[in-house]
Amino acid sequence: GQQVQQSPASLVLQEGENAELQCNFSTSLNSMQWFYQRPEGSLVSLFYNPSGTKQSGRLTSTTVIKERRSSLHISSSQITDSGTYLCAMRTGNTRKLIFGLGTTLQVQP
Amino acid sequence: ETAVFQTPNYHVTQVGNEVSFNCKQTLGHDTMYWYKQDSKKLLKIMFSYNNKQLIVNETVPRRFSPQSSDKAHLNLRIKSVEPEDSAVYLCASSKSSYEQYFGPGTRLTVL
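All values derive from a computational prediction rather than experimental measurement. (Residues numbered from 1 in each chain as written. Chains lettered and ligands numbered in written order. Predicted model: local features only at pLDDT ≥ 70, side-chain atom pairs only at ≥ 80, totals over all residues. Heavy atoms only, no water.)

Caption draft 1: Broad picture of the pattern of salt bridges. Residues and elements named next belong to chain B. Tallied over the entire structure, the rule returns six salt bridges over all chains. For Asp85, the salt bridge goes to Arg63, with nearest N and O atoms at 2.8 Å. Residue Asp85 is located in the loop between strand E8 (73-78) and strand E9 (87-94), and its partner Arg63 is located in the loop between strand E6 (53-57) and strand E7 (64-70); the two are separated by 22 residues in the primary sequence. For the pair shown, Asp85 and Arg63 are each scored as buried. Overlapping salt bridges bring together Arg63, Glu84 and Asp85 as one network. (Salt bridge = Lys/Arg side-chain N within 4 Å of Asp/Glu carboxyl O. Helix = DSSP H or I, 4+ residues; strand = E, 2+ residues; numbered from the N terminus. Buried < 20%, exposed > 50% of the residue type's maximum accessible area, 1.4 Å probe, protein only.)

The structure is reproduced here in structure tokens:
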């Protein structure tokens, strides 16, 4: 089964609303990253967050290692936030990232 | 600001042809990766190199072969492409096992 589960699969918001994206891991993890995938496919790293809470502008990431979960909070959403958000984990001694299937966010005016 | 560069952006080819994709990073990282994103949008690791040494080699067909000339470059060659090789190939780099930075991707279409 999928080691990284993301929810919801898709989300539609009105501009200005907040969003909470979830990522759950089936195995213990060493670190995790949140990415934004642009419509043309390129990946932008939003957070490298092994544990705890990090904030960057309107985005906040919280990772709770012992509960095997991470969340991405988007406050006051904007139309330009539309796109796909991916989370990925690194486990054990490996350097590879294991990705979830993503959350597709659409922010409407 | 792009620091992981990939060429070409797009490539269309026929079944059975050979293709090569290039990746270069200017971040001074010691580890580079190739990921494949299929039609279902799932990203999966294919290979990883650390200082020109292969450290991750997932179960991929033998027609795929990575090539690293130095720690800033990691290329991917596919001999005799198949229709299921149509995908986006993403290159990434990191310093050791820390944050990974991705290139813009190469979209391959096999006719």
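Caption draft 2: Here's a closer look at the nonpolar core. In terms of nonpolar packing, the biggest core is built from 20 residues, with Val4, Phe25, Met32, Trp34, Leu72, Tyr85 and Met89 of chain A touching the most fellow members. Sorting the residues of this core by element identifies strand E3 (19-25), strand E4 (31-37), strand E8 (69-74), strand E9 (83-90) and strand E11 (103-108) of chain A as the ones contributing at least two each. A total of four residues in this core trace back to one element, the largest contributor, which is E3 of chain A. Trp34, Tyr49, Phe64 and Leu108 of chain B belong to the second largest nonpolar core, which has 19 residues in total. (Core = buried A, V, L, I, M, F, W, Y, C linked by side-chain atoms within 4.5 Å.)

Caption draft 3: Spatial organisation of the state of the cysteines. Residues and elements named next belong to chain A. Taken as a whole and assessed by the stated rule, the structure comprises two disulfides over all chains. Here Cys23 is linked by a disulfide to Cys87, with a sulfur-sulfur distance of 1.8 Å. Judged by the sign of its S-S torsion, about 70°, the cystine formed by Cys23 and Cys87 is right-handed. Of the two residues, Cys23 is situated in strand E3 and Cys87 in strand E9; the sequence distance between them amounts to 64 residues. Given the relative accessible area of 0%, Cys87 is considered buried. (Disulfide = S-S within 2.5 Å.)

Caption draft 4: Spotlight on unusual backbone geometry. Here the amide bond leading from Ser7 of chain A into Pro8 of chain A is cis, since omega sits at -10°, within 30 degrees of zero. Tracing the backbone through its elements, the reader meets Pro8 of chain A in the loop between strand E1 (4-7) and strand E2 (10-14). Phi at Asn51 of chain B is positive, roughly 50°, even though this residue is not glycine. Tracing the backbone shows Asn51 of chain B in the loop between strand E5 (43-50) and E6. Overall, Asn51 of chain B belongs to the partly exposed group, its relative accessible area being 39%. In this structure, Ser80 of chain B is a non-glycine residue whose phi angle is positive, near 55°. Along the chain, Ser80 of chain B turns up in the loop between E8 and E9.

Caption draft 5: A look at the environment of Arg69 of chain A. Residue and element names in this part refer to chain A. If you trace the backbone, Arg69 turns up in strand E8. With relative accessibility at 28%, the residue Arg69 sits in the partly exposed group. Put simply, Arg69 and Leu29 are 40 residues apart on the chain and 9.5 Å apart in space, counted from C-alpha to C-alpha. Residues in contact with Arg69, not counting those within four places in the same chain, are Cys23, Asn24, Phe25, Thr62, Thr63 and Val64. (Contact = heavy atoms within 4.5 Å.)

In short, the description is geometric, and any link to function would need to be established separately.
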